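Observations on chain architecture
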Amino acid sequence: MFNTYFDKLVPRTISYTAALTNYFFRAHMEVTSIPGGITITNSSGEQMNGWFSIYYDSVADDTRAQIPDAAWYLKLSPDETSGTLTVNFPYQEESTYTLAFKGELGQEGKAPFDEHYAVAGQVFTWAPPTSTVTYKLYHTGSNPKGVAISPNGSTLYVGCQDDDTVQVFDTESLSGTPYATIPVGDGPNFLALTPSGKYLFISNEWDKSISVIDTETLSVAQTITGLPSFPQELEVTADGSRLYATSWGWYPVTRVDIAGSPPFNVVRYENYDVHRWGQGLGINNTKSELYAGYNTF
């Protein structure tokens, strides 16, 4: 008789126990590590509304503590993934953490107002993202100085001061050699492009000129001469209507109107009551302000 009951009851007990275990531990979460934080996916098949918190084991005092500010009240539908959740992980090496859920799972619990809420946990590993730096070597002429990149990032322009040339590179090519070399003035220094990328300007330091290159024909469309001193840094306004150049001399800033097509003309020289040796230059297009840096020697 006992064997008969054993054969019938024990399998049923195991089945009931498995069903209860599956029910009480039916909440499932997936954690995806991303730079600076995580995302959480509800993979339980039921709505999850409640608090999600991250805990870590402290090496200092062998206790488990919540990461400060790493707690969010979320409502996640089945298979829904949260947005990026920023986490300031305490260890900046690969470590194990615990994501804890406390709240409503399906129809179970109405936390935090009902004391019979659902709980769940998920252990995950987080490691700081690794970055790979790649570089490409471009073989230029002698003494490369200024560089400029086309608006679409496909073309690199390099001014070679000792060769008096501008070299043109395809950034997608693996060769690292120029596909065009354009003769310009004496001592090409800084480069600047119009917003459209149509025209490239080069300050030629030693012959006091600015070369204008048509980037479609890869030829010099104009040489702007008559600058009062040795041109240095170049900047083009956001609307492409003006070019500014700093210079070493009594008139440190030169303005050139460049709307339309060459020839472009120097409009005026600005002293601004500053030091003579103009170098750095920047434009705040929002405030219509021009910033220039000068040596004080």
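It should be noted that the structure appears before, not after, this text.
Everything quoted here is computed from the prediction, not taken from an experiment.

Let us now look at the sheet that holds strand β14 (residues 209–214). Ordered by their spatial adjacency, four strands build an open sheet running β12-β13-β14-β15, and the pairing between neighbours is antiparallel. Of all the strands in the sheet, the pair left with one neighbour each is β12 (188–193) and β15 (219–224). Strand-to-strand twist of the sheet, defined as the mean angle between neighbouring strand axes without regard to direction, takes the value 25°. As paired elements, β14 and β15 share five bridges and run antiparallel to each other. Its bridge partner being in β15, Asp214 is matched across the sheet by Ser219.

The biggest cluster of nonpolar side chains holds 26 residues, and the ones touching the most others in it are Ile38, Ile40, Phe52, Ile54, Tyr97 and Phe124. For this core, the secondary-structure elements that each account for two or more residues are β1 (29–34), β2 (37–42), β3 (48–57), β4 (64–76), β6 (95–105) and β7 (118–126). Broken down by element, the residue count for this core peaks at five residues, all from β4. Once residues lying within four places of it in the same chain are set aside, the contact partners of Phe124 are Val31, Ile38, Ile54, Phe89, Ser95, Thr96, Tyr97, Thr98 and Leu99.

In this structure the tally under the stated criterion is 10 aromatic pairs. Ring centres 5.7 Å apart and planes at 85° place the aromatic pair Tyr199 and Phe264 in the edge-to-face group. Here the residue Tyr199 occupies a position in strand β13 (residues 199–204), and Phe264 occupies one in the loop between β18 (253–257) and β19 (265–270), the gap between them amounting to 65 residues. A relative accessible area of 3% means that Phe264 is categorised as buried. Among the aromatic residues, those joined into a cluster by ring pairs are Phe89, Tyr97, Phe124 and Trp126. Above the plane of the ring of Phe230 lies Lys208, whose end atom (NZ or CZ) is 5.1 Å from the centre.

How each quantity is defined
- Residues numbered from 1 in each chain as written.
- Predicted model: local features only at pLDDT ≥ 70, side-chain atom pairs only at ≥ 80, totals over all residues.
- Heavy atoms only, no water.
- Pairing = 2+ DSSP bridges.
- Helix = DSSP H or I, 4+ residues; strand = E, 2+ residues; numbered from the N terminus.
- Axes fitted to C-alpha atoms, helices over the stretch in contact; angles between N-to-C directions.
- Core = buried A, V, L, I, M, F, W, Y, C linked by side-chain atoms within 4.5 Å.
- Buried < 20%, exposed > 50% of the residue type's maximum accessible area, 1.4 Å probe, protein only.
- Contact = heavy atoms within 4.5 Å.
- Phe/Tyr/Trp six-rings, centres within 6.5 Å; stacked < 30°, edge-to-face > 60°.
- Lys NZ or Arg CZ within 6 Å of the ring centre and 35° of its normal.

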